[in-house]
Amino acid sequence: MSLPIFQKLLDMIKLDLQKQRRRDTISPEERLVITLQYLSQGTNMQVLAWTFHIGLTTVHQIILEACNIIWERLSPLYLKSPSSEAEWENIADGFLQHWNFPNCIGAIDGKHINIQAPARSGSLFYNYKHNFSVVLLAVCDSKYRFTFVDIGAYGSQSDGGVLKNSVFGKCLEESTLKIPKPTSLPSSEVVLPYFLVGDEAFPLKEYIMRPYPGRNLNDQQKIFNYRLSRARQTIENTFGILVARWRLLKTTINAKVENVDNIVKCIVVLHNYCQTEMSTSTDLYCPPGFVDSSDCPNGTWREDAPLQSVGRTGANIARKTTYQNRDNLANYLVSKNGEVPWQYDMIKQSMLLK
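We now turn to the structure provided with this report.

Thresholds applied
Residues numbered from 1 in each chain as written. Predicted model: local features only at pLDDT ≥ 70, side-chain atom pairs only at ≥ 80, totals over all residues. Heavy atoms only, no water. Helix = DSSP H or I, 4+ residues; strand = E, 2+ residues; numbered from the N terminus. Buried < 20%, exposed > 50% of the residue type's maximum accessible area, 1.4 Å probe, protein only. Contact = heavy atoms within 4.5 Å. Areas by Shrake-Rupley, 256 points an atom, 1.4 Å probe, with all protein chains shown as cover. Arc of directions from axis to C-beta. Polar contact = N/O pair within 3.5 Å; in protein donor to acceptor, adjacent residues only side chain to side chain. Salt bridge = Lys/Arg side-chain N within 4 Å of Asp/Glu carboxyl O. Core = buried A, V, L, I, M, F, W, Y, C linked by side-chain atoms within 4.5 Å. Domains from an automatic or database assignment. Pairing = 2+ DSSP bridges. Axes fitted to C-alpha atoms, helices over the stretch in contact; angles between N-to-C directions. Left-handed = near helix turned anticlockwise from the far one by under 90°. Nonpolar A, V, L, I, M, F, W, Y, C, P; charged D, E, K, R; others polar.

Let's talk about the overall build of the protein
Summing up its helical and strand segments, the protein has 11 helices and 8 strands in all. Counting every position in the protein, which comprises 354 residues, the buried fraction comes to 49%. Restricting to contacts in the protein with at least 6 residues of sequence separation, those with at least 24 account for 68%. About 17,400 Å² of surface is accessible on the protein, with carbon and sulfur atoms providing 49% of the total.

Following this line, the structure appears as structure tokens:
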């Protein structure tokens, strides 16, 4: 984080961080530095207490208060979910322009955030990787910024629980997100709904497009999977940037579950803040080569261990119309109006992104 970006962040939350008690000599600058040190490096709170010559309880209070303040002040500005058809269409234009995938309004995935076992929680937070965790379910746009997040689902949830029980999943089912009506694909008369792209863990729905399963696929299906994986890679890169820059997520967070939720929310909105404000400056947050691209198939964020993905989030049984939607899109992607010149070489070289 550059100094001007730090100062801008401080200016937005300084009044909220300022304590009115005369005996409190810890400045807003110090409070923000302590919080960012904890979030970005995963520094132990006791070490922070020794470094800044303050009590452990004080460090704990500073971090929790600052996380809540950062979320409250920044989320309306940097994590404002689309609320109109025009905003959804703008996201879709970004995926078409940057990733050559039409009608896509986001990439979706879920990751486990490891936590200390909560008291008297039984196996609720115990996941299939034999760790205790909460789930971060997220959707991003084409520029690696989160648009929706749902935090706090039990790590043990699977088979539809995570997405189905999330506020976002319910809104998708009830069609209350003001997503535009189905529209024609570019330079085509094929009409398809707008959708999210996800991996095999997600069910095929009218609003979720997932790959063709299996290995014995024809060339058209392979091309479809390749094209979809390019668009879906945005959420993998977004999570990759998130973990590489906010290394607390690489540790086992020792806090109450409600505090873990607040900490993760703070990290998510700080990611969007940095990704938005620093993309036009020195690009320290996400420099060239840091994420996957055609020139760099494996971004340098992959040098760090990624977060664990959630298991299956829904059954693979879909309505006939959703299968037809996928087939229609697959046909379009090998047509003259929908193909890209390199897709045939990619499937021949077996370089499908995963």
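Now that the structure has been shown, we can carry on.
Description of helix α3 (residues 45-52)
Of all the positions in α3, only M45, L48 and A49 are classed as buried. Looking straight down α3, one finds that the buried residues subtend no more than 105° of arc, so they occupy a single side. Against the buried residues of α3 lie α2 (28-41) and α4 (56-78). Put simply, N44 is the residue that caps the front of α3, since its side-chain oxygen is 2.7 Å from the backbone nitrogen of Q46. Among the residues trailing α3, H53 stands out with phi positive, at a value near 55°.

Topic: the pattern of salt bridges
Taken as a whole and assessed by the stated rule, the structure comprises 9 salt bridges. Ionic pairing is found between E29 and K14, a salt bridge with its closest N-O pair at 3.7 Å. A residue pair is termed long-range when its members are at least 10 positions apart, and E29 in helix α2 and K14 in helix α1 (residues 3-17) qualify at 15 residues. With a relative accessible area of 30%, E29 lands in the partly exposed category. The closest approach of N and O atoms between R145 and D141, which form a salt bridge, is 3.1 Å. For D141, a relative accessible area of 8% puts it in the buried group. Connected via shared salt-bridge partners are D109, K111, R232 and E236.

Structural notes on the nonpolar core
Membership of the largest hydrophobic core comes to 101 residues, with the highest contact counts inside it found for L39 and L329. Among the elements that make up this core, the one with the highest residue count is helix α9 (residues 257-277) (11 residues). Per-domain counts for this core show at least three residues from each of domain 1 (3-78) and domain 2 (80-353). Beyond its immediate stretch of four places on either side in the chain, L39 contacts C67, W246, R247, L248, I263, C266, I267 and L270.

Side note on the pairing of strand β2 (residues 133-140)
Most of β2 sits inside the fold, with 8 of its 8 residues counted as buried. By the alternation rule, side chains of β2 split into S133, V135, L137 and V139 and V134, L136, A138 and C140, which are all buried. As judged from the 8 bridges shared by strand β1 (residues 104-114) and β2, these two strands associate in the antiparallel manner. By the bridge assignment, G110 is partnered in β2 with L137.

Section: the packing of α1 against α2
Packing of α1 against α2 leaves a shortest axis separation of 9 Å and a crossing angle of 115°. The way α1 lies across α2 gives a crossing that is right-handed. Here α1 contributes F6, L9, L10, I13, K14 and L17 to the contact with α2, which in turn contributes P28, E29, R31, L32, V33 and L36. Grouping the constituent residues of the contact of α1 with α2 by class yields 9 nonpolar, no polar and 3 charged.

Just geometry here; none of it tells us what the structure is for.
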